Amino acid sequence: MTPAVLQVQTYLKAHHIHIATTTGYTKAMLAIAAKQAGLLGYHPELMVSKEDVAAGRPAPDMINHIMTAFNITDPQTVVKVGDTVIDMQEGKNAGVLTVGLIESSSLLGLSQAKLIDLPQKTRLAKFAEITKTLKAAGADYVIHNLSELPAILAKYQTPQKEHA
C-alpha cells in the first residue's frame, strides 16, 4: 500500500473530503485489490473501474463518473492523486488539480526497502527525473508521498465560519 495512505484517509474523512479510486483494472481485478486494501484499512467511498465507463484512462470518464456520484459540479474542487503518467493525463483531461506521487510510482520501480538503500545522490536524481516526467504529463504538484498531500489541500480549502 502507498505510504501514509491511512493517515491521509483519516485526514480526508475528518475534513469531509470524499475519497474515490479510479483504475484501469477490470471489475474482477478491482474486487481483489479492494478486498486486500480493505484488510489493511483503506476504504474509499467509491471505486471506479474502466468497465464502469465508456472510456478508460486517460479519458476523463472515471473522474466525471465520480463527480456525478458525489454531485460535484465544479472540477476545480477535485484533486486527482496518482503515481503514473496516465493518472496525470486523466486528471488534466477532466480539468481537475493533479498531484503526482514519487515514492509509489511505477516510474521509480523500487520497493520502499530498496529506495532506502539507494545512495542519496542516486535517489535525488531519480526523484528529479520522475518529477520532470509527471510534470510533463500535467501534474500541478509532485510530492514524495501522501504525507505531503494535506498541506496542498489546505491551500484550496475555504475557511469555515464558526456559528455562535
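Everything in this summary refers to the structure shown in the same document. Since this is a predicted model, take the numbers as computed values, not measurements. (Residues numbered from 1 in each chain as written. Predicted model: local features only at pLDDT ≥ 70, side-chain atom pairs only at ≥ 80, totals over all residues. Heavy atoms only, no water.)

Points about the overall build of the protein chain
If you tally the helices and strands in the protein chain, you get seven helices and five strands. Listed by position from the N terminus, the elements making up the protein chain come as α-β-α-β-α-β-α-β-α-α-β-α. For 164 residues, the compact-globule formula gives about 15 Å, and the C-alpha radius of gyration of the protein chain, at 16 Å, lands near that figure. Counting only C-alpha atoms and orienting by the principal axes, one finds that the protein chain spans roughly 50 × 45 × 35 Å. Per-residue burial over the protein chain gives 37% buried out of 164 residues. Accessible surface computed for the protein chain: about 9600 Å², of which carbon and sulfur atoms make up 57%. For the protein chain, the distance from the average site of its 15 positive side-chain charges to the average site of its 14 negative ones is 5 Å. (Helix = DSSP H or I, 4+ residues; strand = E, 2+ residues; numbered from the N terminus. Rg over C-alpha atoms; globule rule 2.2 N^0.38 Å. Buried < 20%, exposed > 50% of the residue type's maximum accessible area, 1.4 Å probe, protein only. Areas by Shrake-Rupley, 256 points an atom, 1.4 Å probe, with all protein chains shown as cover. Lys, Arg positive; Asp, Glu negative; His and termini not counted. Charge placed at Lys NZ, Arg CZ, Asp CG, Glu CD.)

What to know about the packing of helix α1 (residues 5–14) against helix α7 (residues 149–156)
Here α1 crosses α7 at 20°, and the two axes come no closer than 10 Å. With respect to α7, the axis of α1 lies roughly parallel. Two packed elements cross with a definite hand, and for α1 against α7 that hand is right-handed. Residues V8, Y11 and L12 of α1 lie in contact with α7, whose contacting residues are L149, P150, L153 and A154. (Axes fitted to C-alpha atoms, helices over the stretch in contact; angles between N-to-C directions. Parallel < 35°, antiparallel > 145°, perpendicular 65-115°, else oblique. Left-handed = near helix turned anticlockwise from the far one by under 90°. Contact = heavy atoms within 4.5 Å.)

Comments concerning the pairing of strand β4 (residues 97–101)
With five of five residues buried, β4 is to be regarded as a mostly interior element. With burial as the criterion, each face of β4 is covered, one bearing L97, V99 and L101 and the other bearing T98 and G100. Direction of pairing for strand β3 (residues 79–82) relative to β4: parallel, over a ladder of four bridges. Considered in β4, the bridge of G82 is made with G100. Taken together, β3, helix α4 (residues 85–94) and β4 constitute a β-α-β crossover, and its handedness is right-handed. Looking at chain direction, β4 and strand β5 (residues 141–143) are connected through three bridges and run parallel. The partner of G100 across the bridge, within β5, is V142. (Pairing = 2+ DSSP bridges. Right-handed = clockwise from strand over helix to strand, strands pointing away.)

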